Structure formats: structure tokens, C-alpha cells
Amino acid sequence: MHTGTRRIRPGGLLTIGAALLMACCRSAEAKAHDAAQQLRSWDATEVLLGRLRAAVPEQFAAQIRRAAAEARPRAEAQLREALSP
């Protein structure tokens with residue numbers, strides 16, 4: 001009877017392990033870059049939202065502003081953490 005599970009080959013475990021290790025060990029510089037990019041992206045989004053105010057439904061604009069308000073503190077914290085000694 002086949003249970004539907006797949007076996008992982010030993011080489012596959014090595015590949016998975018290497019991928020996880022690389023994801024966990026990103027440099028502080030890369031993390032800071034990503035956080036700064038997120039902040040710039042939210043800035044640009046809000047500028048664009050302001051320019052398109054008449055064309056964007058208010059409910060959608062409110063959702064974007066809420067998403068920015070929630071994401072900014074996380075990105076700022078990530079940036080501070082990456083830049084701290």
C-alpha cells in the first residue's frame with residue numbers, strides 16, 4: 001500500500017540544509033539593505049497613492065496606509081538590529 005509520502009535522498013537533505021543555513025546566516029549588511037529597501041518602497045507607495053488620490057478608492061487607500069503603518073516599524077526594527085554592533 002502506498003502512503004503518498006516521498007523519501008528524501010541523502011543529497012536532498014544536504015541541499016535543504018545548505019539552503020536553510022544560507023537563509024539563516026545572511027549578513028547584517030544584506031539585512032540592513034533589505035530593510036532600507038522596504039522603507040523606500042513604502043515611501044514610494046505612499047507618494048504614488050497621494051498622486052493618484054482621485055483614481056484610488058478610499059477603502060483601498062486606507063488598506064495601503066494601514067499596511068504601511070504596520071510594516072514600517074518592523075522594517076525600522078530590522079534596520080536598527082542589522083546596524084547595531
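Residues numbered from 1 in each chain as written. Predicted model: local features only at pLDDT ≥ 70, side-chain atom pairs only at ≥ 80, totals over all residues. Heavy atoms only, no water.

Caption draft 1: Seen up close, the overall build of the protein chain. Helix and strand content of the protein chain: three helices and zero strands. Along the protein chain, helices (α) and strands (β) appear in the sequence α-α-α when read from the amino end. Sorting the 85 residues of the protein chain into buried and exposed places 14% on the buried side. Of the contacts formed within the protein chain by residues at least 6 apart in sequence, a portion of 69% connects residues at least 24 apart. (Helix = DSSP H or I, 4+ residues; strand = E, 2+ residues; numbered from the N terminus. Buried < 20%, exposed > 50% of the residue type's maximum accessible area, 1.4 Å probe, protein only. Contact = heavy atoms within 4.5 Å.)

Caption draft 2: Local environment of the pattern of salt bridges. This model, assessed by the stated rule, comprises three salt bridges. The partner of aspartate 43 in a salt bridge is arginine 72, and the shortest N-O contact between them spans 2.4 Å. Here arginine 72 lies in helix 3 (residues 58-83) and aspartate 43 lies in helix 2 (residues 28-51), a separation of 29 residues in the sequence. Taking the relative accessible area as the measure of exposure, aspartate 43 reaches 38% and is therefore partly exposed. Judged by its relative accessible area of 18%, arginine 72 falls in the buried class. Of the charged contacts in the structure, one is a salt bridge between glutamate 58 and arginine 65, with a shortest N-O distance of 2.4 Å. For glutamate 58, a relative accessible area of 52% corresponds to the exposed category. In the salt-bridge network here, residues are joined through shared partners; they are Asp43, Glu46 and Arg72. (Salt bridge = Lys/Arg side-chain N within 4 Å of Asp/Glu carboxyl O.)

Caption draft 3: Quick look at the confidence of the model for the protein chain. When pLDDT is averaged across the protein chain, the result is 82; 71% of the residues are at 70 or more. Per-element confidence in the protein chain ranges from a low mean pLDDT of 56 for helix 1 (residues 10-24) to a high of 94 for helix 3. (pLDDT = per-residue confidence, 0-100.)

Caption draft 4: Focus on helix 2. Spanning 24 residues, helix 2 covers 35 Å between terminal C-alpha atoms, matching the ideal 34 Å at 1.5 Å per step. Residues of helix 2 that are buried include every one of Ala32, Ala35, Leu39 and Leu49, and no others. Elements in contact with the buried residues of helix 2: helix 3. (Expected span 1.5 Å × (residues − 1).)

Caption draft 5: Region of interest: helix 3. End to end, helix 3 covers 37 Å across 26 residues, agreeing with the expected 38 Å (1.5 Å per residue, within 8%). Those residues of helix 3 not exposed but buried are Ala61, Ile64, Ala68, Ala71, Arg72, Ala75 and Ala82. Those residues of helix 3 that are buried are in contact with helix 2.

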